[in-house]
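Structural overview for review
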Amino acid sequence: DAKTTQPPSMDCAEGRAANLPCNHSTISGNEYVYWYRQIHSQGPQYIIHGLKNNETNEMASLIITEDRKSSTLILPHATLRDTAVYYCIGFRGGGSNYKLTFGKGTLLTVNP
Amino acid sequence: DAGVIQSPRHEVTEMGQEVTLRCKPISGHNSLFWYRQTMMRGLELLIYFNNNVPIDDSGMPEDRFSAKMPNASFSTLKIQPSEPRDSAVYFCASSESYHSPLHFGNGTRLTVT
């Protein structure tokens, strides 16, 4: 699976959009970009995933560059409860590929 | 759905004792994963089951660790004997299939003194 690079920490003001970047320059054509987050003392929570096209759900939007070497997770109106570590993961799935490898992620702190 | 349920939430035990962690996956999910999280090593996959069958246990650190899934609605992770270095948060996760998003439980925080 692709190695991903994320900033270790970011700050965001409550009510503003939080834009979390991720570089995955070695991602292969059939690897999806997955985002999870982990709020303190809880298990990781799935947010969104995508392959080529931009994706949106009730939690966030995922913007993937055309060359697929990077992506941005957008939380449109961050709240204090969005303070968490956010993980960007390249994952192919299928066959013997089932192991999600979590890196260090980005600690997003939403400030009042 | 109640999500993935793990018990106990916290476990404190003495070195040498047997520890059993329990997990109830989401109904209908065919894949189950046990992860361990420490500050030093982050999240590590210990073992993966598909349709109740262990597929990959290469992440299990030692023979002291064992995992079972006797049916689709229950799994256990056992450590015998436990050691202080086993102290960590242990997460269970399930998914509809091996390439579907994982749903994690809230973990068991294990402290071995």
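Presented here is an overview of the structure given in this document. Not measured: the values here are computed from a predicted model. (Residues numbered from 1 in each chain as written. Chains lettered and ligands numbered in written order. Predicted model: local features only at pLDDT ≥ 70, side-chain atom pairs only at ≥ 80, totals over all residues. Heavy atoms only, no water.)

1. Topic: the sheet that holds strand 7 (residues 70-75) of chain A
One key point about sheets: their strands pair by backbone hydrogen bonds, in either a parallel or an antiparallel sense. All names here are of chain A. The following threshold applies: What makes two strands pair is DSSP finding at least two bridges between them. Numbering of helices and strands runs from the N terminus; a helix is a DSSP stretch of H or I covering at least four residues, while a strand is a stretch of E covering at least two.
Strand order in the open sheet formed by four strands is 2-7-6-5, and the pairing between neighbours is antiparallel. The sheet is open, and its two edges are formed by strand 2 (18-23) and strand 5 (55-56), each paired on a single side. In the sheet, strand 2 pairs with strand 7 via six bridges, with the strands oriented antiparallel. Within the sheet, the bridge partner assigned to Asn23 lies in strand 7 and is Ser70.

2. A short note on unusual backbone geometry
Note on backbone geometry: most residues besides glycine have negative phi, and most peptide bonds are trans. Condition: We call a residue buried when its accessible area falls under 20% of the maximum for its residue type, exposed when it is over 50%, and partly exposed in between, using a 1.4 Å probe and counting protein chains only.
Cis geometry marks the peptide bond from Ser7 of chain B to Pro8 of chain B, where omega comes out at -10 degrees. Along the chain, the position of Pro8 of chain B falls in the loop between strand 1 (5-7) and strand 2 (10-13). In this chain, Gln80 of chain B is followed by Pro81 of chain B through a cis amide linkage whose omega measures -5 degrees. Its place among the elements puts Pro81 of chain B in the loop between strand 8 (74-79) and strand 9 (88-95). Backbone geometry at Ser41 of chain A places phi at a positive 70 degrees, although glycine is not the residue there. Tracing the sequence through the fold places Ser41 of chain A in the loop between strand 3 (32-38) and strand 4 (45-50). Residue Ser41 of chain A is classed as partly exposed on the basis of its relative accessible area of 40%. The backbone of Asn51 of chain B sits at a positive phi, close to 50 degrees, despite the residue not being glycine. Within the fold, Asn51 of chain B resides in the loop between strand 5 (42-50) and strand 6 (53-56).

3. Some remarks on the interface of chain A and chain B
To keep things clear, this is the line we draw: In what follows, a contact means two residues having at least one pair of non-hydrogen atoms within 4.5 Å. Accessible area that two parts lose when put together, evaluated with a 1.4 Å probe and summed over both, is termed the buried area. Identification of polar contacts relies on pairs of N or O atoms within 3.5 Å, with a donor-acceptor requirement for protein atoms, meaning one able to donate a hydrogen and the other able to accept it, and with residues adjacent in sequence counted only if both atoms are side-chain atoms.
Taken residue by residue, the interface counts 19 residues in chain A and 18 residues in chain B. If you sort the residues of chain A by the area they bury against chain B, Pro44, Tyr98 and Phe102 of chain A come out on top, with a joint share of 36%. At the boundary of chain A with chain B, the tally comes to three residue pairs in polar contact (both at pLDDT 80 or more). For the side of chain A that touches chain B, the elements supplying multiple residues, two or more each, are strand 3, strand 4 and strand 8 (84-91) of chain A. Ranked by residue count, the leading element in the side of chain A that touches chain B is strand 3 of chain A, at three residues.

Note that every value here comes from positions in space, so none of it alone points to a role or purpose.
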